Amino acid sequence: MSQDDLKKRVAQAAKEYVIQKMPKGQYLGIGTGSTANWFIDLLAPHRDHFAGVISSSLASTERLLKLGFHVVDANQLPDAIAKQSHPMPIYVDGADEINPQGHMIKGGGGALTREKIIASMAQEFVCICDESKLVQQLGHFPLPVEIIPMAQTAVNKALALLGGQAQLRLIKSGKAEGQPYLTDNKGWIVDIHGLSIQDPIALEAAINQIPGVISVGLFAKRKADVLLLGKKETVESLRFS
Ligand code: 5RP
């Protein structure tokens, strides 16, 4: 069974989880990446179950619209819903790494800031991963940080003091190859290599304090509530307290 098969399998389990847990007529948050894409595709026949979906990237929005979902801007929710502390019961998204406490590294696909915003609006974060993403300690996957472009030198210096080597993310192919990768928010991304993250909550807070940082792809303060983990034999479900 390939990694992609595992992603599809876990996306199928997430679809069943969401349909079963959410009554008709509510708003669902949807993430970004190849696992989230499987989730979107498998959920498409059930799109009318939801009042609308809120998407964490332009790429996911495009896919959702093609499949006929009602995509709602995070600022355009009906007043009665918007004023609730958590306008969405559930946000479903993948991760690049997740530890046994539910802390995650995200942003491999560059959507970390919007993912963080939508995750903050949801009651429950359901993380969907294949089993390769579960690690004892976060940091092997380079930690993405979205920054204001003019702050790159200053941010890199501050990140070096935290013990990592920051590398500007560049476009890998096409006409713009070698140019800085541009996020949906027109930010740049630096990926921090060589971190061994002992205290994800403290590191997230420290990086958030650096002037010029838009957001960091550590999801520790707002971690996953549920992990659906795609394994060869089964999909394991873990709940973090
Ligand atoms: C995008 C993300 C993705 O959730 C993460 O990169 C995992 O992607 P995939 O499902 O393709 O392995 O954080 O910004």
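Residues numbered from 1 in each chain as written. Predicted model: local features only at pLDDT ≥ 70, side-chain atom pairs only at ≥ 80, totals over all residues. Heavy atoms only, no water.

Observations regarding the packing of helix 2 (residues 34-43) against helix 3 (residues 58-66)
Rule in force here: As a rule, the C-alpha atoms of each element are fitted with a line to give its axis, helices using only the stretch in contact, and angles between N-to-C directions run from 0 to 180 degrees. In this description a helix means any DSSP run of H or I spanning at least four residues, a strand means any run of E spanning at least two, and both kinds are numbered starting from the N terminus. By the definition adopted for this analysis, an angle is roughly parallel if under 35 degrees, roughly antiparallel if over 145, roughly perpendicular if from 65 to 115, and oblique otherwise. If you view the pair so one helix is near and one far, a crossing is left-handed when the near helix is turned anticlockwise from the far one by less than a right angle, and right-handed when it is turned clockwise. In what follows, residue pairs with any heavy atoms lying within 4.5 Å of each other are defined as contacts. Three classes are used, and their members are as follows: Ala, Val, Leu, Ile, Met, Phe, Trp, Tyr, Cys and Pro are nonpolar, Asp, Glu, Lys and Arg are charged, and the others, Gly among them, are polar.
One can describe the packing of helix 2 onto helix 3 by two numbers: an axis separation of 10 Å at closest approach and a directional angle of 20 degrees. Considering their axes alone, helix 2 and helix 3 lie roughly parallel with respect to each other. Two packed elements cross with a definite hand, and for helix 2 against helix 3 that hand is right-handed. In this structure, helix 2 contributes N37, I40 and D41 to the contact, and helix 3 contributes S60, R63 and L64. For the contact of helix 2 with helix 3, the residue count by class is two nonpolar, two polar and two charged.

Concerning the side chain of R169
Along the chain, the position of R169 falls in the loop between strand 8 (165-168) and strand 9 (188-193). In this view, R169 contacts G107, G108, G109, G110, P144, Q179, P180, Y181, I189, V190 and D191; residues no more than four positions away in its chain are not counted.

Some remarks on the pairing of strand 2 (residues 50-55)
How we decide: Three exposure classes are used, based on accessible area relative to the maximum for each residue type with a 1.4 Å probe and protein chains only: buried under 20%, partly exposed in between, and exposed over 50%. At least two bridges found by DSSP between two strands are what make those strands a pair. The handedness rule is simple: strands pointing away from the viewer, and a clockwise path from the first strand over the helix to the second, make the crossover right-handed.
Taken across its six residues, strand 2 has five buried, putting it largely inside the fold. Looking at chain direction, strand 1 (residues 26-30) and strand 2 are connected through five bridges and run parallel. For Q26, the partnering residue across the bridge sits in strand 2 and is F50. Following the chain from strand 1 across helix 2 to the adjacent parallel strand 2, one finds a crossover that is right-handed.

Observations regarding the domain arrangement of the protein
Formally: Domain segmentation is taken from an automatic or database assignment of domains. By definition, the buried area sums, over both parts, the 1.4 Å-probe accessible area that each loses when the two are put together. Counted as salt bridges are all cases of a side-chain nitrogen of Lys or Arg within 4 Å of a carboxyl oxygen of Asp or Glu. Any N or O atom pair separated by 3.5 Å or less is treated as a polar contact, with the protein-specific requirement of one donor-capable and one acceptor-capable atom, and with residues adjacent in sequence counted only for side-chain atom pairs.
In terms of domains, the protein is made up of domain 1 (3-135 + 221-239) and domain 2 (143-217). A separation of 24 Å is found between the C-alpha centroids of domain 1 and domain 2. Opposite the 16 residues of domain 1 that make contact, domain 2 presents 18 residues. Counting the surface lost from both domain 1 and domain 2, the interface buries some 1300 Å², and carbon and sulfur atoms represent 49% of this. Linking domain 1 to domain 2 there are one salt bridge. Here domain 1 and domain 2 share 12 residue pairs in polar contact (both at pLDDT 80 or more) between them. Contributing elements (two or more residues each) for the side of domain 1 that touches domain 2: strand 5 (104-105) and helix 5 (112-121). Among the residues forming the side of domain 1 that touches domain 2, the class breakdown is four nonpolar, eight polar and four charged.

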